[in-house]
Number of protein chains: 2
Amino acid sequence: MRIAIEYEFRCASAVRGVLDMVRNCPSKAFLSLFVLAAPLCEIAGSPVNAASPNILLVLADDMGYGDLGCTGSLLLKTDRIDALAKSGVLCSRAYVASSVCSPSRAGLITGRDPRRFGYQANLNMGSENYGTRVDLLGLPPGEHTLADHLGAIGYSTALVGKWHLGMGDGFHPQERGFQHFCGMLGGGHTYFPKPGNNKLERNGVPLTGFSSPYLTDFFTDEATQWISKQDEVNDEKPWFMFLSYNAPHGPLQATEEDLALFSHIKDRKRRTYAAMMWALDRGVGRVLDRLDELGERENTMICFFSDNGGATGNASWNGELSGTKGTLREGGVRIPMIWSWPGTIPDAQMHDGVMSSLDLLPTFMAAAGGMPLPLGPPRSHEDKNNRKKAVSLYGEYDGENLLPQLSGEQVAPRRTLFWRLQGQVAILDGPDKMISLSHRAPQVFRPTEDAGERDDRFDSDRTRADELFQLLGKWQASLATVPLWGSSPYWSSQSAKQHDNYPPRAEPE
Amino acid sequence: MRIAIEYEFRCASAVRGVLDMVRNCPSKAFLSLFVLAAPLCEIAGSPVNAASPNILLVLADDMGYGDLGCTGSLLLKTDRIDALAKSGVLCSRAYVASSVCSPSRAGLITGRDPRRFGYQANLNMGSENYGTRVDLLGLPPGEHTLADHLGAIGYSTALVGKWHLGMGDGFHPQERGFQHFCGMLGGGHTYFPKPGNNKLERNGVPLTGFSSPYLTDFFTDEATQWISKQDEVNDEKPWFMFLSYNAPHGPLQATEEDLALFSHIKDRKRRTYAAMMWALDRGVGRVLDRLDELGERENTMICFFSDNGGATGNASWNGELSGTKGTLREGGVRIPMIWSWPGTIPDAQMHDGVMSSLDLLPTFMAAAGGMPLPLGPPRSHEDKNNRKKAVSLYGEYDGENLLPQLSGEQVAPRRTLFWRLQGQVAILDGPDKMISLSHRAPQVFRPTEDAGERDDRFDSDRTRADELFQLLGKWQASLATVPLWGSSPYWSSQSAKQHDNYPPRAEPE
C-alpha cells in the first residue's frame, strides 16, 4: 500500500479526468497538449499522483513470432508468458521500429521514429561503423528516454540487462534517465559470465560475482531484488523497470537442466533455443510471483514483446510470417506484444489492431498520468558541436496512446508505419504494406490476408502502389538527417538474401 | 619546345609502347597494373617523359545540355566552344558522377564513384549538413585528386575558380595536390566581386583587387597568366590546369556589354544566362588563343564539360533531355563533353558512346604516360580517427581510358554507370536506364531512342527491370559507407518534383 486511502481517492479522480480527456482527444491534439503542458510536470522526486502504476517493460531479443505457446509453438514451453497474455491482451499485429536490435530500441525508448534522428543502422561497436566518430555512436543526446520521461514525474527507474544504445560518454543508461543499471552496454553477451571475464556492471562497477550462473537467471535475480527494494525503501514512489533480457539472442547457450526438458526436439540448435526460452519464461514467472508477493500486481502495468523478429542464426521460428530479423517482411518487424494490468486492462483478450513499439511512450505516460518531456535543444553539456545541436531540433513524438484500445473503449485506428534499413524501405498503410528494395522491384502485400507475404499485389494494383509510393516519398523527404552511422555492406547483402529466401515454414523439430 | 629532340624521340617510343599495351588491355587489368606499378612512378619533380602533354580541364557549372551552339541552342553564342568541339571530338553521351556540383566534382577529381567514400550529398557550408562535424565536410583525406596523380609524375598543377570540395583544414586545394590556386573554396560567388568584400583568394591570400571586374573574365586572366608563366619559368615540365568556372551557375549576373548582344532574347533571365555563357565562351577562346601564341596547342589535351545538367534557377536549357540538376534523369547527369588534342585526337568527330567523368583520371594518366597513385591508407597526418582510416580502404578506380575510343581505334564498350542522390538511385546498363525513386514506382527508359525519357518501359519488360534491380542492389550493397553528411530534406522534395515536372521543352526565348 503506497498511500493513504483518502489521498488515493482524490488523486484517482483527477487521473480519471485526464484519462477521459486523453481518450476523447485525437492523438495529435493529445501530444500537442503534452508538449505544451510538459514543463508543469517536471517536478522530479514526487509522483504526479497516487494512481500512477508501476510500469514493467520486459523485452525479449530476436525472439521468433511463433516462439510462444500463445503464438503457435507446439514444442517450446512458455507457460508463464502464455499466462501473462491470458491475464491481459495479446496483440497480434504489433510492429517494432526496426528489424535489428539497436534502432528498434532507439525507437521504443524514445517514442520517436529513430530515422528522424539518424538512428537507422544497427550499432556495432567495432569497425563496422563508418563515417562518424566512436564517441558519437549512440542515442543522440537531444533524445529523451522512457526513463527520462517517467523519472521527471517522480518514478524510480531501472534498467536490467541489455542496453545497446551507446557505450561512450553521455550514452550510459545512468546518463539517460535510469537511476539504476545492471547489465551490459553492448548488444550481446555470453550466458555463462565468468568473474573477471565479463562485460557486466552494476551502476558503473564491473561485476565480479553472480547470484546465478546463467545470465537470464541472474538478470531475473537483479530485477526481482530491485523491485523488492522499491517496495521496502521507496514505497511512496511508483517505479519503472525495463527488464531487457538478451535471451534468446545468440550465442546459443543453455543450462544442462533446461536442455534436458527439451529432449523431444531433435534439432540441436532448436533444442538449445527452447531451453533459453524456457529460462526467459521462468524469469518472467519469477518477476510476476514477486509482484504477487508484494501485492503490486494490479498496481503494475506490464508490457512484453521482442525487439525484432527471429534471426536466422538463433534457431528461432517466425510462425506463419516470412522473412527474418534484418528484413522488413513481417517476420522482421511484426512481433507479439502482451499488455497486462489486471483490474484496468481486461483479461483474456486478443487484439488484431496495428500498433507500434513507438506507442509505449504515450501509453506509459497516459497510465502514469504525466506528460512527455518537450522536445527541444539537447542537454547543455552536450551542446558543443553542430551535429549534437541539430539532432533533436526536428520532429515530434510518433506513437499513440494504446489504453483506449486495450481497454476496449476504442476500435483500433487506421495506422501508417514506416521503416528503412539496409537498402530496404517499407510502409504499412491500413491493410497494405509495400516494401521498396534495392535489389528487386517493389512489392505490395496485404498481411491481414496473407501473413506470409506470398502474394505480391504490386502489378495488379499500380494505383494503390503509386499512393503508397507518394506516402513513402513524403516520409523519406521528411527525415532530417542521413543515418548517423552505417553498417557493413555485408548486412545489406544479407537483408536482400533473407528477404528472398525465408518463406513461412513449419516449426523446426 | 620543352626538350631536346633526341630525348623526345627516345621517350616517345617508350610511351607509345605503354599506350599500345594500355589500348590492348581490358580496363580492369589496366587499372590493376596501374595500382601495382604506381609506387615506381612517384618520382615527383620530373616528368615521366617528354611526350607528356599539358592537360587543360575546363569545367562549366550548371550548364544546360542544349546551351551550346554545337548542342542545339539557336539563341546563345558559343562560337569558341563550338570551334573547340570541331577541333576534336564532341561526345554526346557523357555522364557526370552526380547531378549536383560537389559530389560530381568529387567524382571527376578522384576518378572514383563518390558514393564509395560517402560523398553522396551536396556540400552546403551552413546548417544544412547534418550528422557530422564541420571539419569533416570535404573530400576525405584518403582520396587522391587529379592534381595528386599528375603532380606525382612531375606536372605543375593549378586550380583556377571554384573548388567546392571542403573548406576546413586538410581540404584546401593546395593540400590536395594543386601547387597554385586562385578562386573560391565554396560553391558559388557573385560575378562582381568587390575588393574587401569577396571570398576569393590566391594561394591562401585574400584578394583585394581584380584584373577584370567580371569574375569569369578574371578567372580567364588568372588562367592565361599562369599558363604563360609555366612557359616562361617551367618550360621543362608539363602542366595541368583545372579551369573551374562557376559560370553559368547562379546568381544571374552579366555585364551590360554582354547583355547588349542578346537583346533578341525576350526572357530577361535567359538573356542574362546567354550573356554569362558568352563570357564563358570568351574565356575559353582567350585560353585557346594563348595556347596558340605559346605554340602549345598541339601539346595540350583539352577536356571541356559541365559539372551537371542545367538547373531550374539559372534559365539554362537541357535541350531534348528531361529533368534538371538534382534529378537522375538525362537532364541532370548527361552533359556534352568535348575532347581536343590536335594531332593526336582526330578533329570534327561526333561520338555517341557512353562515357563518364570518372574516365578523366585513366585518360589523363594514359596521355601523360603515368600511373595513378595506389589507393591505400590515408595520409598519416589525418590518421587519428576511425572514420578517416576507414574511408579510403574500400574500392578502386572506376573509370576507363578513353583515348582508344577518342582516337577511333576502339569502338565504345558497353558501360554500366550508377548514381544515388536525394532519394533517387539509378543505373545505366547498356541501352537501358532505370531510376528507382522514393516517391513513385521505378521507371525504365531507353535514352538512345528516347532522350526525353517519356516512354517508361518498366511494366512492359519486367524481366529486364529485374536484371537492372539485381545490378543496382549489388552496387548499393557494395558501398562501404553511409553518406558522410546529409542535406536538407528540402532537396529530396525538390528532386522528386523536378523529376516529375521537367519534360523536354523548346529553347526559352
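Now for a description of the structure that goes with this document. Every chain is numbered on its own, with residues counted from 1 as its sequence reads. Chain letters start at A and ligand numbers start at 1, both assigned in the order the entries are written. Reporting in this predicted model follows two pLDDT cut-offs: at least 70 for local features of residues, and 80 or more for side-chain atom pairs to be given and counted; totals over whole chains, interfaces and linings ignore these cut-offs and use all residues. The side-chain values count all of the structure's non-hydrogen atoms but skip hydrogen atoms and water molecules.

**A look at the overall build of chain A**
Item 1. Here a helix means four or more residues in a row that DSSP labels H or I, a strand means two or more in a row labelled E, and each is numbered from the N terminus. Secondary structure assignment for chain A yields 14 helices and 15 strands.
Item 2. Per-residue accessibility, obtained with a 1.4 Å probe over protein chains only, is compared with the maximum for each type, and a residue is labelled buried under 20%, exposed over 50%, and partly exposed between these values. Put simply, chain A has 509 residues, and 66% of those count as buried.
Item 3. By definition, residues are in contact when any of their heavy atoms lie within 4.5 Å. Taking the contacts inside chain A whose residues are at least 6 apart along the sequence as the reference set, 73% of them involve residues at least 24 apart.
Item 4. In short, Shrake-Rupley with a 1.4 Å probe defines the accessible areas, and a residue's cover is counted only from the protein chains shown. A total of about 17,800 Å² of accessible surface is found on chain A, and carbon and sulfur atoms cover 52% of it.

**A look at the packing of helix H3 (residues 79-86) of chain B against helix H8 (residues 268-294) of chain B**
All names here are of chain B.
Item 1. An axis is simply a line fitted to the C-alpha atoms; with a helix, the fit covers only the stretch in contact. Between two such axes, the angle follows the N-to-C directions and lies from 0 to 180 degrees. For the pair H3 and H8, the least separation of the axes is 7 Å and the interaxial angle reads 50°. By the angle class used here, H3 and H8 are oblique. Facing H3, whose interface residues are Asp79, Arg80, Ile81 and Leu84, H8 presents Trp278, Asp281, Val284, Gly285, Leu288 and Asp289.
Item 2. Among the residues making up the contact of H3 with H8, the classes are represented as five nonpolar, one polar and four charged. Here the word oblique covers every angle except those under 35 degrees (roughly parallel), over 145 (roughly antiparallel) and from 65 to 115 (roughly perpendicular). Put simply, Ala, Val, Leu, Ile, Met, Phe, Trp, Tyr, Cys and Pro go in the nonpolar bin, Asp, Glu, Lys and Arg in the charged bin, and everything else, Gly too, in the polar bin.

**What about the sheet that holds strand E14 (residues 432-437) of chain A?**
Residue and element names in this part refer to chain A.
Item 1. Ordered in space as E12-E13-E14-E15, the four strands form an open sheet in which the pairing is antiparallel. Every other strand in the sheet has two partners, leaving strand E12 (416-421) and strand E15 (443-445) as the edge strands with one partner each. Each neighbouring strand pair of the sheet contributes to a mean axis angle of 15°, computed without reference to strand direction.
Item 2. Note on pairing: DSSP must find at least two bridges between two strands before they are called paired. Across six bridges, the pairing between E12 and strand E13 (residues 424-429) is antiparallel. Each bridged residue has a counterpart across the sheet, and for leucine 417 the counterpart in E13 is leucine 428.

**A look at the packing of aromatic side chains**
In this description, an aromatic ring pair is defined by two values, namely the gap between the centres and the angle between the planes.
All names here are of chain A.
Item 1. Stacked, edge-to-face and tilted labels apply to pairs of Phe, Tyr and Trp rings (six-membered ring for Trp) whose centres lie within 6.5 Å, assigned for plane angles under 30 degrees, over 60, and everything in between, in that order. Taken as a whole and judged by the stated rule, the model has 28 aromatic pairs over all chains.
Item 2. Note on phenylalanine 210 and phenylalanine 218: the rings are 5.3 Å apart at their centroids and 85° apart in plane angle, and the pair reads as edge-to-face.
Item 3. Overall, phenylalanine 210 belongs to the buried group, its relative accessible area being 19%.
Item 4. Among the aromatic residues, ring-to-ring pairing joins Trp163, Phe178, Phe240, Phe242, Trp339 and Phe364 into one connected group.
Item 5. Its end group placed over the ring of phenylalanine 262, lysine 77 keeps NZ or CZ at 5.8 Å from the ring centre. When the NZ atom of lysine or the CZ atom of arginine is within 6 Å of a ring's centre and also within 35 degrees of its normal, the charge is said to sit over that ring.

**Overview of the sheet that holds strand E14 (residues 432-437) of chain B**
Residue and element names in this part refer to chain B.
Item 1. Strand order in the open sheet made by the four strands is E12-E13-E14-E15, with antiparallel pairing throughout. Two strands close off the open sheet at either side, each with one partner strand: strand E12 (416-421) and strand E15 (443-445). The mean angle between the axes of side-by-side strands here comes to 15°, regardless of whether they run parallel or antiparallel.
Item 2. Strand contacts of helix H13 (residues 462-478): E12, strand E13 (424-429), E14 and E15, with the helix running at about 115° to E13, the strand carrying the most contacts.

The values are spatial; any link to function lies outside them.
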